[in-house]
Amino acid sequence: AQTVTQSQPEMSVQEAETVTLSCTYDTSESDYYLFWYKQPPSRQMILVIRQEAYKQQNATENRFSVNFQKAAKSFSLKISDSQLGDAAMYFCAYTSNRDDKIIFGKGTRLHILP
Amino acid sequence: DTAVSQTPKYLVTQMGNDKSIKCEQNLGHDTMYWYKQDSKKFLKIMFSYNNKELIINETVPNRFSPKSPDKAHLNLHINSLELGDSAVYFCASSPRTAGREYFGPGTRLTVT
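Residues numbered from 1 in each chain as written. Chains lettered and ligands numbered in written order. Predicted model: local features only at pLDDT ≥ 70, side-chain atom pairs only at ≥ 80, totals over all residues. Heavy atoms only, no water.

## What to know about the packing of aromatic side chains
Let me state the cut-off plainly: Only the six-membered ring of Trp is used, alongside the rings of Phe and Tyr, when aromatic pairs are assigned; centres must lie within 6.5 Å, and planes under 30 degrees apart are stacked while those over 60 apart are edge-to-face, with the rest tilted. To sort residues, take the accessible area from a 1.4 Å probe on protein chains only and compare it with the maximum for the residue type: under 20% means buried, over 50% means exposed, and anything in between is partly exposed. In this text, helices come from DSSP runs of H or I with a minimum length of four residues, and strands from runs of E with a minimum of two, each type numbered from the N-terminal end. Whether a charge sits over a ring depends on NZ of Lys or CZ of Arg being within 6 Å of the ring centre and within 35 degrees of the ring normal.
Tallied over the entire structure, the rule returns 13 aromatic pairs over all chains. With centroids separated by 5.4 Å and ring planes inclined at 65°, the aromatic side chains of Tyr 25 of chain A and Tyr 32 of chain A adopt a geometry described as edge-to-face. When sorted by exposure, Tyr 25 of chain A lands in the same class as Tyr 32 of chain A, which is buried. On the numbers, 6.4 Å between centres and 85° between planes, the contact of Phe 91 of chain A with Phe 104 of chain A is edge-to-face. With Phe 91 of chain A in strand β10 (residues 88-96) and Phe 104 of chain A in strand β11 (residues 102-104), this pair connects stretches of sequence that are 13 residues apart. We classify Phe 104 of chain A as buried; its relative accessible area is 11%. Ring-pair connections join several aromatic residues into one group, and the members of that group are Phe 35, Tyr 37, Phe 91 and Phe 104 of chain A together with Tyr 33, Tyr 35, Phe 90 and Phe 103 of chain B. The ring of Tyr 10 of chain B has Lys 9 of chain B lying over it, and the distance from NZ or CZ to the ring centre is 6.0 Å.

Here is the structure:
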């Protein structure tokens, strides 16, 4: 069965610094997608970044980038130049092309220190 | 035990029909959601609902309507189905509006 693990329940980072959130997953599939979602307080989840497993190049979206290590089944999120608005819960998620199930990690709460 | 369940798992129907997708959660959560997953696997919020407030994503056509007979259920009704409605629809719930969401297994809707 597929699993997604986020081993850091909470993290803190100083404003303008860089922080990396960890995510590992387990699957026997070869064709799948990985996501990072952000859930600000009192808001619904927002897609931060998406990675297709067959693409070797790491996805980037402005200050957000991932380090995708397929062999190690690792998918970490790096946030550069952290801003106060980045404070939120961050969820790593997996879905395969074979079925429609989405599997989420338990989340990492990110605090931004002014 | 299934936390969030959806029925049916697959739904194939013709354009113009009206259909419903059912969602039930046994977690005692206050808030439920409907998401649409597009062809690139992006999840887009359609509705969030608790017993006090319905929040509708303004981009959702009014052919889509959520109906909640009780706190544990949030069904999705779709009128006059169109080809572009084909997608996977996910129901989710959370203990409060900003809590961690638990997702159902998805319903793949195909409109022909």
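## A look at the sheet that holds strand β8 (residues 75-78) of chain B
Residues and elements named next belong to chain B. In plain terms, the rule: At least two DSSP bridges between two strands are required for those strands to pair. For every element, the axis is a line fit to its C-alpha atoms; helices are fit only across the contacting stretch, and the angle between N-to-C directions ranges from 0 to 180 degrees.
Ordered in space as β1-β3-β8-β7, the four strands form an open sheet in which the pairing is antiparallel. In this open sheet, the two edge strands, each paired with only one partner strand, are β1 (4-7) and β7 (64-67). For this sheet, the mean angle separating the axes of adjacent strands, direction not counted, is 20°. Of the strand pairs in this sheet, β7 and β8 are connected by four bridges, and their pairing is antiparallel. The residue of β8 that forms the bridge with Pro 66 is Leu 76.

## A short note on the confidence of the model for chain B
The condition is simple: Within a predicted model, pLDDT stands for the predictor's per-residue confidence, ranging from 0 to 100.
Across chain B, the average pLDDT comes to 88, with 95% of residues at or above 70. Looking over chain B, one finds the lowest element-wise mean pLDDT in strand β6 (residues 54-56) of chain B, namely 78, and the highest in strand β3 (residues 19-25) of chain B, namely 97.

## Thoughts on the state of the cysteines
Quick reminder of the rule: Cysteine sulfurs are considered disulfide-paired once they come within 2.5 Å of each other.
For the coordinates displayed, the defined rule picks out two disulfides over all chains. Across a sulfur-sulfur distance of 2.0 Å, Cys 23 of chain A and Cys 92 of chain A are joined as a disulfide pair. Because the torsion about its S-S bond is -70°, the bridge between Cys 23 of chain A and Cys 92 of chain A counts as left-handed. Of the two residues, Cys 23 of chain A is situated in the loop between β3 (19-21) and β4 (24-26) and Cys 92 of chain A in strand β10; the sequence distance between them amounts to 69 residues. At a sulfur-sulfur separation of 1.8 Å, the disulfide partner of Cys 23 of chain B is Cys 91 of chain B. In this structure the cystine formed by Cys 23 of chain B and Cys 91 of chain B twists about its S-S bond by roughly -75°; its chirality is therefore left-handed. You can see Cys 23 of chain B sitting in strand β3 and its partner Cys 91 of chain B sitting in strand β9 (residues 87-94), a full 68 residues away along the chain. Judged on exposure class, the residue Cys 23 of chain B and its partner Cys 91 of chain B are both buried.

## So, the pairing of strand β6 (residues 46-52) of chain A
All names here are of chain A. Among the seven residues that make up β6, five are buried, leaving the element largely enclosed by the rest of the structure. The pairing of strand β5 (residues 32-39) with β6 spans six bridges and is classified as antiparallel. Directly across from Leu 34, in β6, lies its bridge partner Gln 51.

## Side note on the interface of chain A and chain B
Accessible area lost during the coming together of the parts is what is often quoted as the interface size. Using the following cut-off: Residue contacts follow a heavy-atom distance rule, with two residues in contact if any of their heavy atoms lie within 4.5 Å. The quantity reported as buried area is the accessible area (1.4 Å probe) lost by two parts once they are put together, taken as the sum for both. We define a salt bridge as a side-chain nitrogen of Lys or Arg found within 4 Å of a carboxyl oxygen belonging to Asp or Glu. Pairing of N or O atoms within 3.5 Å defines a polar contact, subject to two protein rules: one partner must be a possible hydrogen donor and the other a possible acceptor, and residues neighboring in sequence count only if both atoms are side-chain atoms. Gly falls in the polar group here, along with every residue not listed as nonpolar (Ala, Val, Leu, Ile, Met, Phe, Trp, Tyr, Cys, Pro) or charged (Asp, Glu, Lys, Arg).
At the interface, 23 residues of chain A touch 20 residues of chain B. A combined buried area of about 1,700 Å² lies between chain A and chain B, and 56% of that area is made up of carbon and sulfur atoms. Connecting chain A to chain B are zero salt bridges. Summed over the shared surface of chain A and chain B, the result is one residue pair in polar contact (both at pLDDT 80 or more). Those elements that place two or more of their residues in the side of chain A that touches chain B are β5, β6, β10 and β11 of chain A. Here the residues of the side of chain A that touches chain B are counted per class, giving ten nonpolar, seven polar and six charged.

## Some thoughts on the pattern of salt bridges
Enumeration according to the criterion identifies eight salt bridges over all chains in this entry. Between Arg 63 of chain B and Glu 82 of chain B there is a salt bridge, with the nearest N and O atoms lying 3.4 Å from each other. Residue Arg 63 of chain B is located in the loop between β6 and β7, and its partner Glu 82 of chain B is located in the loop between β8 and β9; the two are separated by 19 residues in the primary sequence. By relative accessible area, which is 13% here, Arg 63 of chain B ends up buried. When its relative accessible area of 40% is taken as the criterion, Glu 82 of chain B is described as partly exposed. Through salt bridges with shared partners, one network takes in Arg 50, Glu 52 and Lys 55 of chain A.

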